[in-house]
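# Breakdown of the fold
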Amino acid sequence: MDAVDVSDHYEVTTSEETPSLLSIVLDTNPRAWAALGNVLPLSKAIANILVFVNAHLAFSNSNQVAIIAAHVNRAVWLYPSPPTAKKPTDTSGDVQMQDASTSAPPGSANKFPQFAQIEAAVLASVRKLTDETTGEDLETTTTQLSGALTLALCHIHKASQQLSAAGTNLEDHTKSSAATNPMKGRILVISVSDSEPAQYIPTMNAVFAAAHSQIAIDTLSLSGDSTFLQQACFNTNGTFLAASNPQGLLTYLMFGLIADTEARQSLIPATHDKVDFRAACFCHGKVVDTGFICSICLSIFCEVPENTECLTCGTKLALGNYGAKPAVIPRKKKKKKKIVNGTVREDTGSGAGTPRA
Amino acid sequence: MDIPAGRTLFKKKEGILTLTPDQKTVTWTPNSGGPATVSLPVANITSLQQTPDSSPKVMLKIVETASEGADPVAYLFHFNTSEAKSEAQAVKDLLSRIFVELRSNDPSIPRPAVSGTGTPSAQNGQASKGGTPASMALGSTTTPQPAAAHWFDDNHLKNDIELQMSLMKKDKSLHRTYMEAMSTKPDSISSAAFNTQFWSTRINLLRSHGIEKHQKKGAYNVLSTVKPRTVDGELKLNISLEQVQMIFAQHPLVKRIYNENVPKLSEAQFWSRFFLSRLSKKLRGERVTDSDPPDALFDKFDANDNTQAIQSKIMAQSVPHIIDIEGNEENQGGVKSGNAKDVEMRPRANIPIVKTLNSLSEKIMANVAPSDTIDDTNVSGYSYGQLALRDLRGDEKENRIILNVTEQTQFFSKREAVPSANAQAFAKQNPMDVLFEIQGDLETLDDDGAGGIDIHATIGYNEDSESDEEESANRARRPHVGSRSVIRAAEKEILQGISQQRSQKYGHAGDSTTPMGLSSHLAEKCALTHATTIEFLHQFWTAFLSGDPDRAAELQYLAESLTNSAARISAVADEATQERDETIKRRKQEIREHYERTGKKIRWKADMVGGGRDAVLKLMQPTLDALEKAKADYARALAAEGIKTTTEN
């Protein structure tokens, strides 16, 4: 009887709605932002991102957000703020009273308190981060992305653990266990700098971990050449967008990246179809398109390592036909060959008198 | 015995194909006189092929391999007289007979172990009679079936033309690629060399095909497959010679009855009576009911005789004591305790099927040559090892490869990467200025008057602004963040991405057969050209990267074939243009006629017609790039060489 009723249908859809956790990794490389300053200053970018965050939260009450800064020397939590010594913070992303009360007691009447909360936390953390950054920190010019990715993954994992544990009543519990993931987690990387080849291994480790737990990594690349993030998006079914007009940041975010992993199944992503699949070699950190791979540990080398021993696992590698004469030596071999070749060509040329291509 | 002679054309010259009196050499003597120009020792002939009877031309192809590992050379003789067929047949019959004799005596060719009956000579007789039937098609050769070891010999596979033909018969697209590549290869590459090249990259295909072809079905329970049907009260029986042989092998009792009775009884009668008899039911393991008519001939035999006889054969084989359960019983004085045997092990008269199937399986297995022969002397030790209770032992030492991962960060110490554009920009920056700039920028956020920031103002989106006036106002300076123009640009970019993804996911209508407006005929041509080009590229790179000076000449030819490939692609493109032009012309004509008839104009533009050169080039661009790269690499290697040779000289 109930099944005939239309309301039943609505009930099912609402109860199946799983919360969506958006983790934003913001590349805060000061050099890159300074270079980009004329086009899109960091302050405007943060404002735009906050609008995007608010939009995400407005979709559903249960939606959550986490913002992490990937700085040149470390990864820093922007929101939720890292736990202070006095009070352990609620990592589930709930309202944190002490932040709001200390920084802005009354709050604007025109702003939803949670939004103001996030805004305040993010701004405070970013300011703190830039104030703490010293000139020496800027010696490294590229962003430590893998750390931020790892933090985001851990956070998503923790949040989904909490969520499944929180479902104490039987109905909730069965539902959450039936679904593969109690939470739709995804990571959005807003990148402004190049991929650092030295970060290849940790970055790809994070990417594979994300792919394993069905977390999509999206990337909005405002500048720089983020090779590894392209692969990250490809591997995790995420969306990769390279913005040719960084000023339109909000449009890219709202138009191309607002859909969560579930909504995405019924949409066509705007992702760029060009993926740079090249990997960085383990020996020199060069990005290579052709290289050698250790058959035991799959390490990548741009040239045959010393003593043909794998640098990572120390396995003595045997080289096949090709490897026995790597790129340079066949040329040497060819020398002989070309002499033969040359004579042949001369012979035919003079004998037959026909020009040869 | 007469030596047959055939009047044949060889290399467009007339002559006589025959054998020397000692039958050791095949010779071909031109009619124009002079000594024999072709003389092939029979021992060197690796295969023999003849055109099928249906073919109007009668040709005999003899493939000779002068020495082990040398390239096989094919000689094609065309029998052009009115008695061509009979002459060709005579020559071929003699050759194949000599050939088979030669092969069977050749100890170097491994042969499958001859099991049981049949002396080698009898087999040869069979082979020479049955192995070269008159209807031998081109491609089936008299080469004896190679033994298993040959599947692992790459050279043998490369030269086994019969196998290659049969593979191409199975794989049509491979056949087309082969024919296309063969017809378009540069003349400077010989057919044999091309053949070797072509197959050398496909050894794995050949091997798997060969092994697949040579797998046979083993013995099976044959009685259960023969099902006599009663049609209009008459018994219909379809039974092949093979099945009869198998019945005899599996059921010695039937063989005995057959031997005793068949001359007296007609064969057909024997079998029809057998399949209706109670005995056949018993042998199949079916239940015998009283309604089954008894047969005087068959039913006096007990089906158990059959079972027993063969069981004793199995029992006669020596069973290692360690697994001989009966021996154990004897040793312990037998089972005399009160415990009855398991119900399945107790003799029951009315469940014959289990017993029948068991005995049948035993019989089938007894006829199969064992693949796991174990040395008899070791057998007890081996069995002992098999019987050992392994789970009573302690944990075995883990036998894994230990992966010693060294600290990875140290690898990157000697980096020498070229700085990217970004890195170069960063290098010019002064860190302190950068910091100051960023910190200052963060202070510029608009205050909303309540401790927060005014996001609305910061994102710079002006709802009231009309894009046109804004644009004119902004023309002088660069568009600010969130202005109409950049939003439009961003939207456009995203929509482009979406449409790109969409077409990738769902494709365009009718794309699969007529990509980019090319006709299916041209699309097919593109596909074929592509396959051929890839084949030549493949061959080129194998030769180029082999670093083998012996292949230098070959490499030159292959490089030439790359140039030809590019020309072929442009030829296809030309054809596409031509086709497109014709389509346009036809359409224009139609429009003109339509206008003359009805006075109405049809809006139409030539751009609406797809295909043409652009489409082909777009499809083939990656292939062309690959060709360019190969040619450039080759040219570079040549140039490097050129410098080298001049300095040396």
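Residues numbered from 1 in each chain as written. Chains lettered and ligands numbered in written order. Predicted model: local features only at pLDDT ≥ 70, side-chain atom pairs only at ≥ 80, totals over all residues. Heavy atoms only, no water.

In the annotation of an unreviewed UniProt entry, chain B is listed under the name BSD domain-containing protein and assigned to Bionectria ochroleuca. As stated in UniProt under Subcellular location (unreviewed entry), the record for chain B gives "Nucleus". Quoted straight from UniProt, the Sequence similarities (unreviewed entry) entry for chain B says "Belongs to the TFB1 family." (UniProt positions renumbered as here; feature names shortened; annotations may be inferred.)

As named in an unreviewed UniProt entry, chain A is General transcription and DNA repair factor IIH subunit TFB4, taken from Bionectria ochroleuca. Database annotation for chain A, UniProt heading Sequence similarities (unreviewed entry): "Belongs to the TFB4 family."

## Focus on the overall build of chain B
Each helix and strand in chain B was counted, giving 23 helices and nine strands. Put simply, chain B has 649 residues, and 33% of those count as buried. Of the contacts formed within chain B by residues at least 6 apart in sequence, a portion of 57% connects residues at least 24 apart. (Helix = DSSP H or I, 4+ residues; strand = E, 2+ residues; numbered from the N terminus. Buried < 20%, exposed > 50% of the residue type's maximum accessible area, 1.4 Å probe, protein only. Contact = heavy atoms within 4.5 Å.)

## Observations concerning the overall build of chain A
Tallying secondary structure elements over chain A gives 13 helices and 10 strands in all. Counting across all 357 residues of chain A, residues that qualify as buried make up 52%. In chain A, the proportion of contacts linking residues at least 24 apart, taken out of those at least 6 apart, comes to 66%. Carbon and sulfur atoms provide 56% of the accessible area of chain A, an area that totals close to 16,800 Å². (Areas by Shrake-Rupley, 256 points an atom, 1.4 Å probe, with all protein chains shown as cover.)

## Here's the deal with the packing of helix α9 (residues 252–261) of chain B against helix α10 (residues 267–276) of chain B
All names here are of chain B. Relative orientation of the contacting elements α9 and α10 amounts to 140°, with a least axis distance of 11 Å. Both α9 and α10 take part in a crossing whose hand is right-handed. Residues V254, I257 and Y258 of α9 touch α10, and the partners they reach there are E267, F270, W271 and F274. Each residue belonging to the contact of α9 with α10 can be placed in one class, and the counts come to six nonpolar, no polar and one charged. (Axes fitted to C-alpha atoms, helices over the stretch in contact; angles between N-to-C directions. Left-handed = near helix turned anticlockwise from the far one by under 90°. Nonpolar A, V, L, I, M, F, W, Y, C, P; charged D, E, K, R; others polar.)

## A few points about the sheet that holds strand β6 (residues 58–64) of chain B
Residue and element names in this part refer to chain B. Sheet architecture is open: seven strands sit in the order β4-β3-β2-β1-β7-β6-β5, paired in antiparallel fashion. Either end of the sheet is taken by a strand with one partner, and the two such strands are β4 (38–41) and β5 (45–50). On average, each strand axis in the sheet is tilted by 30° relative to the strand beside it, whichever way the strands run. Pairing analysis gives six bridges linking strand β1 (residues 5–10) to strand β2 (residues 13–19), with the strands arranged antiparallel. Residue pairing for β2: L9 is matched across the bridge by E14. (Pairing = 2+ DSSP bridges.)

## Examining the sheet that holds strand β6 (residues 240–242) of chain A
Residue and element names in this part refer to chain A. Across the sheet, which stays open at both edges, the six strands sit in the order β3-β2-β1-β4-β5-β6 with mixed pairing between neighbours. Of all strands in the sheet, those with a lone pairing partner are β3 (75–79) and β6, marking the two edges. Taking the axes of each pair of neighbouring strands and ignoring which way they run, one obtains an average angle of 20° across the sheet. Direction of pairing for strand β2 (residues 64–70) relative to β3: antiparallel, over a ladder of four bridges. What sits directly across from I67, in β3, is Y79.

## Describing the confidence of the model for chain B
All names here are of chain B. Per-residue confidence for chain B gives a mean pLDDT of 71; residues scoring 70 or more make up 68%. The low-confidence segment residues 468–476 (pLDDT under 50) makes eight contacts with residues lying over four places distant or belonging to another chain. As a predicted assembly, this complex carries a pTM of 0.54 together with an ipTM value of 0.71. (pLDDT = per-residue confidence, 0-100.)

## Here we look at helix α20 (residues 484–506) of chain B
Spanning 23 residues, α20 of chain B covers 32 Å between terminal C-alpha atoms, matching the ideal 33 Å at 1.5 Å per step. Tucked inside the fold, the buried residues of α20 of chain B contact β6 and α10 (249–256) of chain A. (Expected span 1.5 Å × (residues − 1).)

## Quick word on unusual backbone geometry
Residue and element names in this part refer to chain A. Going from Y79 to P80, the amide bond is cis rather than trans, its omega being -10°. The residue Q214 is not glycine, and still its phi comes out positive at about 55°. By secondary structure assignment, the location of Q214 is in the loop between α8 (200–212) and β5 (216–221). Of note in the backbone geometry, N237 takes a positive phi value of approximately 65° without being a glycine. Looking at where N237 falls in the secondary structure, it is placed in the loop between α9 (227–236) and β6.

## Quick word on a nonpolar patch on the surface
On the surface, I353, V354 and L357 of chain B cluster together to form a nonpolar patch covering roughly 220 Å² of accessible area. Position of I353 of chain B among the secondary structure elements: in helix α14 (residues 352–367). (Patch = residues over 30% accessible without salt bridge, like charges linked within 9 Å, V, L, I, M, F, W, Y side chains within 5 Å. Salt bridge = Lys/Arg side-chain N within 4 Å of Asp/Glu carboxyl O.)

## What to know about the packing of aromatic side chains
All names here are of chain B. Evaluation of the coordinates by the stated rule reveals 14 aromatic pairs over all chains. Where Y178 meets F198, the ring centres are 4.9 Å apart and the plane angle is 75°; that geometry is what we call edge-to-face. Placement of the pair is Y178 in helix α5 (residues 172–184) and F198 in helix α6 (residues 191–200), with a sequence separation of 20 residues. Here the two residues Y178 and F198 agree in accessibility, since each one is buried. With a centroid separation of 5.1 Å and 80° between ring planes, the pair formed by Y258 and F270 is classed as edge-to-face. With Y258 in helix α9 and F270 in helix α10, this residue pair connects regions lying 12 residues apart in the sequence. In terms of burial, Y258 and F270 fall into one category: buried. Counting every residue linked through ring pairs, the aromatic cluster contains F248, Y258, F270, W271, F274 and F275. The cationic tip of R202 hangs over the ring face of F198; the distance from NZ or CZ to the ring centre is 4.1 Å. (Phe/Tyr/Trp six-rings, centres within 6.5 Å; stacked < 30°, edge-to-face > 60°. Lys NZ or Arg CZ within 6 Å of the ring centre and 35° of its normal.)

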